[in-house]
Amino acid sequence: MDRVANDQARASTSSGNGPQDIIDPSPAAREEVRDGRIRVGSMAIPEAKQVRWRDLPNKDQLFILSLCRLSEPLSNVCLLPYIFYLVRSILPPIPTTTDEDRMPEAADATAARISEISGLLVASFPLAQFLVSLPWGRLSDRHGRRLSIVAGLAISTLANIGFGFSRSLGALLFWRIFAGLANGNVGIMRTVTAEVVRERRYQTKAFLLLPLVFNAGMVASLALGGCLAEPVVNIPWLFGPDGVFNTSRNPDGVVWALKFPYALPALLNAIVLGISFMLAVAGLRETLPGKEDRSDVGLRAGAAIMRWIERMLHRRRQYVRIESSDDTFLGQTRPGPEKSVPETMPVADKELPFRNIWTNRVLCALISFGLLPLHNSAFMHIFPVYLSSPPADNGEATPFAFAGGLGLRSSTIGVWLSSFGICGILLQLFIYPRLQVRMGTRGVFRIALFLFPVTYAAVPYLSLLAGEGDGVLRWLFLGLVVCSQIMARTMAIPSTVILLTEAAPSKKVLGTIHGAGNMLASLARTVGPAIGGYVFALGVSEGVIGLVWWLYLVSVAFCALVWSYLMEEE
């Protein structure tokens, strides 16, 4: 009877609908959670102590893994604040016209062309991820996680350097695809998180860590991308005619910064990723079940360096592992002489056949996992282009027919988006864990899915506030829109990761499942910006700037909301 009760409690938790670490004193009792206490019949039992961030185990591995997770946002998102100006700089100049009546048409044609090419650049990265995500996952399930992560970081570093010094569309596409191939291992990093933190009570916090780092990387990448692009203009005291780095005293500024005005953000990315690469080589341990004790030259060198540092600092520490009955991975017992714990996933000695991996629950979670980036990635591409587009005269606008953007500079866009991104980080740190405990993973996920379509429907009306006299109202409305989207994204991303992880039929196929999830998400991030860029260009040419927001983004976000209610609940 006790085992049945424990199984019921564990199934409730793994579905994302119940609180964590529930004590089940009776198999026949009906559980009820109110005001932080669990009520069983007439008894009230205090809920388990809340886990703090500093309580997480294996902090050194989580730290290195977090730095590795920066690879994707730095390689993929950095160009968004300045992509409008980057594409405009490589396009052949359009013949100027003196006819004032034709000037708006020429400007619209340029904006439409830039939107199409920028959509192609944005989509090329996830397309490459899509092609290699599942092979990366299968490879890691067979040969280990460490090699794929280290190799991906090395290639990402090289790709960022190449992208920064590219001045043609073909070269930019090549290096974007190259970087996407290197970042097909994102699903493996999620798998490593699950394998590093096996204790049940720590898993909610641990699964928040990589999305948190992703958001932090996006914030930093957007801010630095916008501020470091065109450094001669944006940082004249360093790169201008009288700048510190203008040692040749060129009258126009630093020569290489003039020739490659968008190289500086990419070079900074390469430096950060190079540091992450070295730390991963020296300290990231293998976590594939059965191969955890495997070592190599890099790990031995890293251990030697740490011993040398400890001797230099006269600090000698000994770490002793304390076994715990909570030391489980999504309800599974770790290998070793630990007490048996009821399992939610079968653990078999032999490898699970490939076709048996794709249960109904896994497929439902995968579809939900893919719908989110289908609209979120399109927003991330379209919104900066929309903010950069020149404003239009909407004196004769109707509620659904008006044109123009806000005409903001890349530095303004970067700082604005990154500032509100900080709000997303704070939300993820302090609010999401509490909401997840109270409402469950699915409940938080659905709140986010309600916010997306409302936000997308409101965005294009910013164009009606682009006049000089609407400055305060425009910035206030822009802040509400950005804050709402970031809040929804911050709640949705970790929820999809948790739901996908819990759907896995066995821990031995987590690499394959997260590889498939990353593959599907990459395909969505390819299709989303491509379709969004095309519809945005169509709306610009037709004088209906809201076409992409209402026809595409709202529709996809609404489908994701409906699907969340159709997902199988077990």
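Before any of the text, the structure's been laid out above.
Residues numbered from 1 in each chain as written. Predicted model: local features only at pLDDT ≥ 70, side-chain atom pairs only at ≥ 80, totals over all residues. Heavy atoms only, no water.

Asker: I would appreciate a short explanation of the overall build of the protein in the present structure.
Answerer: A count of helical and extended segments in the protein gives 19 helices and 5 strands. Counting every position in the protein, which comprises 570 residues, the buried fraction comes to 55%. In the protein, 78% of the contacts between residues at least 6 apart in sequence involve partners at least 24 apart. For the protein, the computed accessible surface area is about 25,800 Å², with 64% contributed by carbon and sulfur atoms. (Helix = DSSP H or I, 4+ residues; strand = E, 2+ residues; numbered from the N terminus. Buried < 20%, exposed > 50% of the residue type's maximum accessible area, 1.4 Å probe, protein only. Contact = heavy atoms within 4.5 Å. Areas by Shrake-Rupley, 256 points an atom, 1.4 Å probe, with all protein chains shown as cover.)

Asker: Would you mind going over the environment of Val-482 with me for this structure?
Answerer: The topology assignment puts Val-482 in helix H17 (residues 471-503). Judged by relative accessible area, which is 2%, Val-482 ranks as buried. Separated by 23 residues in the primary sequence, Val-482 and Val-459 place their C-alpha atoms 8.9 Å from one another.

Asker: Would you take a moment to explain the packing of helix H8 (residues 186-196) against helix H18 (residues 510-542) for this structure?
Answerer: Orientation of H8 relative to H18, taken along the N-to-C sense of each, is 140 degrees, at an axis distance of 7 Å. The angle between H8 and H18 places the two elements in the oblique class. Considering how the two elements wind past one another, H8 and H18 form a crossing that is right-handed. Two secondary-structure elements touch here, H8 through Val-186, Gly-187, Arg-190, Thr-191 and Ala-194 and H18 through Leu-510, Gly-511, His-514 and Asn-518. (Axes fitted to C-alpha atoms, helices over the stretch in contact; angles between N-to-C directions. Parallel < 35°, antiparallel > 145°, perpendicular 65-115°, else oblique. Left-handed = near helix turned anticlockwise from the far one by under 90°.)

Asker: Would you explain the nonpolar core in this entry?
Answerer: What tends to happen in soluble globular proteins is that the nonpolar side chains get buried as a cluster. Ranked by size, the top nonpolar core spans 100 residues in total, and within it Phe-383, Tyr-386, Phe-452 and Trp-549 carry the most contacts. A total of 16 residues in this core trace back to one element, the largest contributor, which is helix H15 (residues 360-388). What Phe-383 contacts, discounting residues up to four positions off in sequence, is Leu-417, Val-459, Leu-462, Leu-478, Val-482 and Trp-549. (Core = buried A, V, L, I, M, F, W, Y, C linked by side-chain atoms within 4.5 Å.)

Asker: So what exactly am I meant to see when it comes to the packing of aromatic side chains here?
Answerer: Two descriptors summarise a pair of aromatic rings, namely the distance from one centre to the other and the angle between the planes of the rings. Tallying each qualifying case throughout the model produces 20 aromatic pairs. On the basis of an interplanar angle of 10 degrees and a centroid distance of 5.9 Å, the ring pair of Phe-174 and Phe-178 is categorised as stacked. Residue Phe-174 and its partner Phe-178 are both found in helix H7 (residues 169-182); the two are separated by 4 residues, about one turn of the helix. Here Phe-178 falls in the partly exposed class, since its relative accessible area comes to 24%. One aromatic cluster is present, formed by Phe-379, Phe-383, Tyr-386, Phe-452, Tyr-456 and Trp-549 through successive ring pairs. Lying over the aromatic face of Tyr-85, Arg-409 brings its terminal NZ or CZ to 5.8 Å of the ring centre. Taking NZ or CZ as reference, Arg-446 lies 4.4 Å from the ring centre of Tyr-565, over its face. (Phe/Tyr/Trp six-rings, centres within 6.5 Å; stacked < 30°, edge-to-face > 60°. Lys NZ or Arg CZ within 6 Å of the ring centre and 35° of its normal.)

Asker: What exactly am I supposed to notice about the packing of H15 against helix H19 (residues 547-566) here?
Answerer: Relative placement of two packed helices is described by the angle separating their axes and the distance separating the axes. Where H15 contacts H19, the two axes come as close as 9 Å, and the packing angle between them is 155 degrees. By the criterion of interaxial angle, the relationship of H15 to H19 is roughly antiparallel. By crossing handedness, the relation of H15 to H19 is classed as left-handed. Across the interface between the two elements, Cys-364, Ile-367, Ser-368, Leu-371, Leu-374, His-375, Ala-378, Phe-379, Ile-382, Phe-383 and Tyr-386 of H15 pack against Val-548, Trp-549, Tyr-552, Leu-553, Val-556, Ala-557, Cys-559, Ala-560 and Trp-563 of H19. The class makeup of the residues in the contact of H15 with H19 is 18 nonpolar, 2 polar and no charged. (Nonpolar A, V, L, I, M, F, W, Y, C, P; charged D, E, K, R; others polar.)

Asker: Is there a simple way to think about helix H13 (residues 263-283) in this case?
Answerer: Note that an α-helix has 3.6 residues per turn; residues three or four places apart therefore point the same way. The terminal C-alpha atoms of H13 lie 30 Å apart, and with 21 residues this matches the ideal 30 Å at 1.5 Å per residue to within 8%. Burial in H13 covers these residues: Ala-263, Leu-264, Pro-265, Ala-266, Asn-269, Ala-270, Leu-273, Gly-274, Ser-276 and Ala-280. (Expected span 1.5 Å × (residues − 1).)

Asker: Is there a simple way to explain unusual backbone geometry in this structure?
Answerer: Trans peptide bonds make up most of the peptide bonds, and negative phi angles are found at most residues other than glycine. One non-glycine residue, Asn-58, lies in positive phi territory at about 50 degrees. Its location among the elements puts Asn-58 in the loop between strand S3 (43-46) and helix H2 (59-69). For Asn-58, a relative accessible area of 33% corresponds to the partly exposed category. Even without being a glycine, Glu-230 presents a positive backbone phi close to 50 degrees. Among the secondary structure elements, Glu-230 is positioned in the loop between helix H9 (203-228) and helix H10 (231-234).

Asker: Explanation requested: the pattern of salt bridges in the structure shown.
Answerer: Two side chains of opposite charge can pair, provided their charged atoms sit close to one another. Applying the stated criterion across every chain, the model contains 10 salt bridges. The salt bridge partner of Asp-141 is Arg-145, with a shortest N-O separation of 2.6 Å. You'll find Asp-141 and Arg-145 in the same group, each marked buried. Each of Arg-69, Glu-72 and Arg-525 takes part in one network of salt bridges that share partners. (Salt bridge = Lys/Arg side-chain N within 4 Å of Asp/Glu carboxyl O.)

Asker: Would you mind showing me how to read a nonpolar patch on the surface here?
Answerer: Together, Ile-305, Met-306, Trp-308, Ile-309, Met-312 and Leu-313 give the surface a local cluster of nonpolar side chains, amounting to about 610 Å² of exposed area. Structurally, Ile-309 can be placed in helix H14 (residues 297-313). With a relative accessible area of 31%, Ile-309 lands in the partly exposed category. (Patch = residues over 30% accessible without salt bridge, like charges linked within 9 Å, V, L, I, M, F, W, Y side chains within 5 Å.)

Asker: Help me understand the environment of Leu-288 in this model?
Answerer: Within the secondary structure layout, Leu-288 lies in the loop between H13 and H14. With relative accessibility at 6%, the residue Leu-288 sits in the buried group. Once residues lying within four places of it in the same chain are set aside, the contact partners of Leu-288 are Ser-140, Asp-141, Arg-142, His-143, Gly-144, Arg-145 and Glu-195.

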